[in-house]
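Fold and geometry: a report
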Amino acid sequence: MTSIPLVAVVGNPNAGKSALFNMLTGARQKVGNYPGVTVERKSGRLSLPDGRPLELVDLPGAYSLDPSSPDEEVTRDVVLGKQQGERLPDALLLVLDATNLDNHLRFALQIIALGLPTVIALNMVDLARRDGLEIDPQALERELGVPVVETVAVRRRGGDEIKEALSGAVGAARRVRAGDGAEERDIAALQRRARAIARAATVGETGARRWTHFIDHVALHPVAGPLIFAAIMFLMFQAVFAWSEAPIGWLEDLIASSQGLVVDAIPAGFLRSMLVDGVLGGVGAVIVFLPQILILFLFILLLEATGYMVRAAFLMDRLMARVGLSGHAFIPLLSSFACAVPGIMATRTIEDPKHRITTILIAPLMTCSARLPVYAVIIGAFIPATSVGWGVGLQGLVLFGLYALGIVGALLAALVLRRTVAKGSHQGFMMEMPKYQVPSIRDVAIGLWTRAMIFLKRAGTIILISTIILWALLSFPQPKPGETALDSSIAGKIASVLEVGLRPIGFNHEIALALVPAMAAREVAVSALATAYSIQTEDETKAEQSLTEQLRGRWSLPTALAFLAWFVFAPQCLSTVAVTRRETNGWKWPAFMLAYLFALAYLAAGATFWAATALGL
Amino acid sequence: MSLRLDQLPFRTPATVTGVEWTSLTPIEARRLRNLGLDEGVAIEALHGGPVGRDPLAVRIGRMMVAIRRSHAQAVMVEATAT
């Protein structure tokens, strides 16, 4: 059996590798993992001009073959044919940023010296021209001895030429490497050669005004910069709510009408109850938050694709330094507002281990999108939609307070962690600041699509299964006359035990019940409450009541506030625990994370409940 | 006239005359080399952070790099005559 030729895409970070990969493979991508490490393996298929298929794999960006992170290690191992679960590529597609040749050529020289058939994509030639930089691809070809193709990946230019060049490279023999490779290991010597080649290939360089510097004069201005940053953050969180209202309404209608269809089609009984209360009620309660989650991811993808994200890190560096971190930690933390899992994975670029572990430990305190369903339901039920003046609503203010509480909690936690369990070593802040770019709609769309699929898969698996299990535990054994379903069921009995510990912080039986399946994922708390109340309500007219109305009738205000405070801190997410275990290679840190966050959650919920009760709310 | 990078006025093109690699940890030194810092390259401090003008946004060759003032002290520069 002949396998399809494999081509690996390699290059420095910010060279535009992913955009090139998207251009060549389109949306037909497979995201997996390399065995034993959490580094994502992104691959896709394309057809060469002669019809042969080709598998393309996008390797993590690297500065050199001397790895300084798990990501770079995978890149090195793949191109050396040493990576478990990956065959040696038949050819390499090396992506160089035309505006940054002196730097990217150093890694290019190392890669070419490996002797694998290589094609160079000289990317971002449009930005180079914009900056008045003219590069001669033929000269580069002569110096490097491999084909060079000009591309503008974000504008989808140069794809056919790349495929043409790849069809020549695939099947070509490996060249014997010249020399003993000593020069490739001497980074300073390599760098000098890279600069010499870049000079030789640069035919024209005018002092054209660089757009990036022009924008940075404003974006990094000591006064205007932080104001713009605050405005962007405000717009982001505002948009998450304002733009999602209509689509959430459509989803709710869709779910309600599906429930209606099931009720009409299936006679009353276990199956109908499972479908209506368990599947549609439970999973539906979570699915309606898809619009908000996508809007949040849209902003984060845009911030990254435009190059602004690193500017935000730059502006935040001093503040982060106060608590013993750096601007570097800011990027994974901002991503954690969408989801802590990609956030924790993004900490890999932090080289200092103490820094990294602190960032991982506080990432779950950023208000992730899974908390939104919980916050939105409780706020909607208990906080009146009144204005506190200047067009600011009380509901929005409370939500802002919950976000702020998470951030303050994270900063204080970092301060304590850096002085105790993650003490010592200080790496500081050194980062490449990429050029500003107009993001490609296609790349952003592909990113959003991937996120939407991950979310829906989660809803279809973890959330569906835990909702069905919970529905079963709630429905059996059937209540005897005079008993409520909640008291007699298995789930009810488990909750009664937990309730003993949770009663002092104001939690009732149903909350105790919801918290158990919510260990799988926070948003399950909402679906669990929905399922519990929907089963409990025998009366047909009452069953029509929304979860909001049910909660209003059954919870006191201090209980609702305590419940919110609990979710600011509680690490109720199996995926986060799992990714922390993988990223830290053991159970020590995830166990520590669970312990300190549950302790904080208990204290915060308790303090809120007691304070609210004392105030007579 | 030689200066430390953190003393170089903003938007003054300069050349790196020396780097005290030994005053940096090996990880820091490698990272700065990866970001293009080396003797003889063109350098220019462009922007400073909002608090104490720290960190610095520095152009090294053609690349923009963020670096804290404490690390910039290890870099000796000389303003390019214009």
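Residues numbered from 1 in each chain as written. Chains lettered and ligands numbered in written order. Predicted model: local features only at pLDDT ≥ 70, side-chain atom pairs only at ≥ 80, totals over all residues.

Glancing now at the overall build of chain B. A count of helices and strands for chain B gives two helices and six strands. Counting helices and strands in the order they occur from the N terminus, chain B gives β-β-α-β-β-β-α-β. Computed over the C-alpha atoms, the radius of gyration of chain B is 11 Å, within 12% of the 12 Å expected from 2.2 N^0.38 for a compact globule of 82 residues. Seen through its C-alpha atoms, chain B measures out along the principal axes to roughly 35 × 30 × 20 Å. (Helix = DSSP H or I, 4+ residues; strand = E, 2+ residues; numbered from the N terminus. Rg over C-alpha atoms; globule rule 2.2 N^0.38 Å.)

Here we come to the overall build of chain A. Helix and strand content of chain A: 29 helices and ten strands. A globule of 617 residues ought to have a C-alpha radius of gyration of about 25 Å, and chain A, at 27 Å, matches this closely. Taken along its principal axes, the extent of the C-alpha atoms in chain A is 90 × 60 × 45 Å. Within the span of chain A, comprising 617 residues, buried residues form 48% of the whole. At a minimum sequence separation of 6, the contacts of chain A that also span at least 24 residues come to 73%. (Buried ≥ 20, exposed ≤ 12 C-beta atoms within 10 Å, placed from the backbone. Contact = placed C-beta atoms within 7 Å.)

All names here are of chain A. As paired elements, strand β3 (residues 40–47) and strand β4 (residues 53–58) share six bridges and run antiparallel to each other. Across the sheet, the residue bridging to arginine 45 is glutamate 55, located in β4. From the end of β3 to the start of β4, which pair antiparallel, there are five residues, and glycine 51 there has a positive phi angle of about 95 degrees. (Pairing = 2+ DSSP bridges.)

Turning our attention to the interface of chain B and chain A. Accessible area lost upon the coming together of the parts serves often as the stated size of an interface. Taken together, the 30 residues of chain B in the interface contact 30 residues of chain A. Element by element, the count of residues in the side of chain B that touches chain A is highest for helix α1 (residues 26–34) of chain B, at seven residues. In terms of residue class, the side of chain B that touches chain A is built from 13 nonpolar, nine polar and eight charged. Pairing between strand β10 (residues 430–433) of chain A and strand β5 (residues 63–67) of chain B: four bridges, direction antiparallel. The residue bridging methionine 430 of chain A from the neighbouring strand is isoleucine 67 of chain B, located in β5 of chain B. (Nonpolar A, V, L, I, M, F, W, Y, C, P; charged D, E, K, R; others polar.)

Let us look at helix α26 (residues 547–554) of chain A. Within α26 of chain A the residues assigned to the buried category are Leu547, Gln550 and Leu551 of chain A. Looking straight down α26 of chain A, one finds its buried side chains confined to an arc of 95 degrees; they lie on one side. (Arc of directions from axis to C-beta.)

The next thing to look at is the confidence of the model for chain B. Residues and elements named next belong to chain B. Considering every residue of chain B, the mean pLDDT works out to 91; 99% of them sit at 70 or more. Predicted confidence in chain B is weakest over α1, with a mean pLDDT of 85, and strongest over strand β6 (residues 75–79), with 95. The complex prediction reports pTM at 0.82, with the ipTM value standing at 0.95. (pLDDT = per-residue confidence, 0-100.)

Let's shift gears to the environment of valine 95 of chain A. All names here are of chain A. Within the secondary structure, valine 95 is located in strand β5 (residues 91–97). On the basis of neighbour count, valine 95 is assigned to the buried category, with 29 C-beta atoms found within 10 Å. Spatially, the C-alpha atoms of valine 95 and arginine 552 are 58 Å apart, while their sequence positions differ by 457 residues. The contacts of valine 95, once residues within four sequence positions are left out, are Val9, Gly11, Ala15, Gly16, Lys17, Leu20, Ala121 and Asn123.

What follows is about unusual backbone geometry. Of note, the bond from aspartate 54 of chain B into proline 55 of chain B is cis; its omega dihedral lies within 30 degrees of zero at 0 degrees. By secondary structure assignment, the location of proline 55 of chain B is in strand β4 (residues 54–60). Phi at asparagine 14 of chain A is positive, roughly 70 degrees, even though this residue is not glycine. Mapped onto the elements of the fold, asparagine 14 of chain A is located in the loop between β1 (6–11) and α1 (17–25). For arginine 156 of chain A, which is not a glycine, the phi torsion comes out positive at approximately 55 degrees. Within the fold, arginine 156 of chain A resides in the loop between β8 (148–150) and α6 (159–169). Residue classification places arginine 156 of chain A among the partly exposed residues on the basis of 16 C-beta atoms within 10 Å.

Before going further, it helps to spend a moment on the environment of threonine 306 of chain A. Along the chain, threonine 306 of chain A falls in helix α13 (residues 290–306). Distance in space between the C-alpha atoms of threonine 306 of chain A and serine 440 of chain A is 9.3 Å, their sequence separation being 134 residues.

Let us now look at the packing of helix α19 (residues 394–419) of chain A against helix α27 (residues 557–569) of chain A. Residue and element names in this part refer to chain A. Put simply, α19 and α27 touch, their axes get as near as 9 Å, and they point 40 degrees apart. Taken together, the axes of α19 and α27 lie oblique to each other. Between α19 and α27 lies a crossing whose hand is right-handed. Every residue of α27 that contacts α19 at Leu402, Leu405, Gly406 and Gly409 is listed here: Leu564, Val568 and Phe569. Along the lines of polarity and charge, the residues of the contact of α19 with α27 split into five nonpolar, two polar and no charged. (Axes fitted to C-alpha atoms, helices over the stretch in contact; angles between N-to-C directions. Parallel < 35°, antiparallel > 145°, perpendicular 65-115°, else oblique. Left-handed = near helix turned anticlockwise from the far one by under 90°.)

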